[in-house]
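Descriptive structure summary
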Amino acid sequence: MSISYEDGQVAEENNGTEVAGVDLGEIHTIAATTTTNQAIIITGRKARSIHRFRNKKLAEIQKLQSKCTKGSKQWKKYQAAKKYILGKCDRQLNDVIHKTTKQFVQWCREQRVKEVVVEKVEGVQRHTRRKRRKTVTQKLSNWSFGKIRKQLAYKLEASGTSMQLIDESYTSQQCPCCGRRKKTSTRNDVIICGYKEHRDVHGSKGILSKHLYDKIQYLGKTEAIKYLRIA
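Here's what I pulled together on the structure shown here. In this text, all values refer to a predicted model and were calculated from it rather than measured experimentally. (Residues numbered from 1 in each chain as written. Predicted model: local features only at pLDDT ≥ 70, side-chain atom pairs only at ≥ 80, totals over all residues. Heavy atoms only, no water.)

Comments concerning the overall build of the protein
Helix and strand content of the protein: six helices and eight strands. When the helices and strands of the protein are listed from N to C terminus, the series reads β-β-β-α-α-β-α-α-α-β-β-β-α-β. Within the span of the protein, comprising 231 residues, buried residues form 42% of the whole. For the protein, contacts bridging at least 24 residues in sequence account for 67% of all contacts bridging at least 6. Working note: accessible area of the protein is about 13,900 Å², and carbon and sulfur atoms make up 50% of it. (Helix = DSSP H or I, 4+ residues; strand = E, 2+ residues; numbered from the N terminus. Buried < 20%, exposed > 50% of the residue type's maximum accessible area, 1.4 Å probe, protein only. Contact = heavy atoms within 4.5 Å. Areas by Shrake-Rupley, 256 points an atom, 1.4 Å probe, with all protein chains shown as cover.)

So this is what it looks like as structure tokens:
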């Protein structure tokens with residue numbers, strides 16, 4: 001049996017007029033751009049370091065545990081150690097996601113954002129698995145998209161800001177000026193026609209453009225990019 005109840009909180013009044021497109025990623029957890037070409041990038045380095053620590057420790061414990069008889073006293077000790085590492089890292093990651101989404105929502109207030117458009121990422125994960133690129137798939141699984149979107153949804157709602165999901169197909173690859181598609185491994189997205197933009201900001205602009213005009217087109221020069229890092 002489950003019980004639901006009202007928490008008594010009322011959403012803030014939001015008189016903003018701006019729309020923001022959001023690109024989620026591993027290196028930069030959140031990159032967003034508004035209709036006035038104000039951008040923000042919140043790095044994901046802290047989350048990546050936690051993931052690396054977790055994976056390293058679990059691998060070490062698993063190696064030792066494989067030498068023990070399953071169900072033995074020593075095997076159970078290693079099993080408890082794995083649960084401890086997982087629990088500790090999950091708490092740390094939840095804290096990082098909370099701080100990241102809180103900073104983003106505060107930026108939305110400052111930029112008078114009324115609506116946020118976030119990419120759908122499940123398709124990216126399925127497409128990557130089909131290619132069997134194990135390294136990339138592991139990174140994608142570490143992005144914690146579900147948790148980020150969930151925290152964004154309720155925090156934005158509390159601030160009077162709506163959130164929508166949109167298909168992100170080609171938003172990070174297609175040039176908004178000449179229409180050519182190009183994959184890049186650099187942090188800047190340079191297209192043959194001369195268009196140049198930070199890769200993640202470019203992705204957020206593509207999402208915003210697709211939402212506003214149902215196609216990817218040039219939205220103008222980025223006025224300013226605010227960089228934030230989770231301590």
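What follows picks up the thread again.
Examining the pattern of salt bridges
Taken as a whole, this structure holds five salt bridges when the rule is applied. When the shortest N-O distance is used, the salt bridge between glutamate 60 and lysine 57 registers 3.7 Å. One end of the pair is glutamate 60 and the other is lysine 57, both in helix H1 (residues 45-65) and three residues apart, which spans about a single turn. Classification of lysine 57 by relative accessible area gives partly exposed; the value is 29%. Between lysine 205 and glutamate 197 there is a salt bridge; the shortest N-O distance is 3.5 Å. There is no split in this pair, since lysine 205 and glutamate 197 are both buried. (Salt bridge = Lys/Arg side-chain N within 4 Å of Asp/Glu carboxyl O.)

Quick word on helix H6 (residues 199-213)
Between its first and last C-alpha atoms H6 spans 21 Å; for 15 residues at 1.5 Å apiece the expected length is 21 Å, and the two agree. Of all 15 residues in H6, eleven are buried; the element is thus mostly enclosed. Here H6 has its buried residues at Asp200, Val201, His202, Gly203, Ser204, Lys205, Gly206, Ile207, Leu208, Ser209 and Lys210. (Expected span 1.5 Å × (residues − 1).)

As for the sheet that holds strand E1 (residues 18-24)
On the basis of which strands lie adjacent, the open sheet formed by six strands has the order E5-E4-E1-E2-E3-E8 and mixed pairing. The two strands at the open ends of the sheet, each matched to only one other strand, are strand E5 (162-167) and strand E8 (224-228). Along the sheet, successive strands turn relative to each other by an average axial angle of 20°, direction set aside. Where strand E4 (residues 113-120) meets E5, six bridges bridge the pair, whose relative direction is parallel. In the strand pairing of E5, lysine 120 is matched with aspartate 167. Lying on the sheet, helix H5 (residues 145-158) is in contact with E1, strand E2 (28-34), E4 and E5; it crosses E5 at an angle near 145°. (Pairing = 2+ DSSP bridges. Axes fitted to C-alpha atoms, helices over the stretch in contact; angles between N-to-C directions.)

Here we look at the packing of aromatic side chains
Applying the stated criterion across every chain yields a total of two aromatic pairs. Aromatic side chains tyrosine 195 and tyrosine 218 sit 6.3 Å apart centroid to centroid with 90° between the ring planes, which places their arrangement in the edge-to-face category. Pair noted here: tyrosine 195 is in the loop between strand E6 (188-190) and strand E7 (196-198) and tyrosine 218 is in the loop between H6 and E8, with a separation of 23 residues, a long-range link. Look at tyrosine 218 and you get partly exposed, because its relative accessible area is 42%. (Phe/Tyr/Trp six-rings, centres within 6.5 Å; stacked < 30°, edge-to-face > 60°.)

Details of H5
With 14 residues, H5 extends 20 Å from end C-alpha to end C-alpha; this agrees with the ideal 20 Å at 1.5 Å per step. Every buried residue of H5 is listed here: Phe145, Ile148, Arg149, Gln151, Leu152, Lys155 and Leu156. Relative to the axis of H5, the buried residues are bounded by an arc of 165° and lie together on one face. Turned more than 90 degrees away from the buried face of H5 sit Lys150 and Glu157, all of them exposed. Immediately beyond the C-terminal end of H5, within one or two residues, lies glycine 160, with a positive phi of roughly 80°. (Arc of directions from axis to C-beta.)

Just geometry here; none of it tells us what the structure is for.
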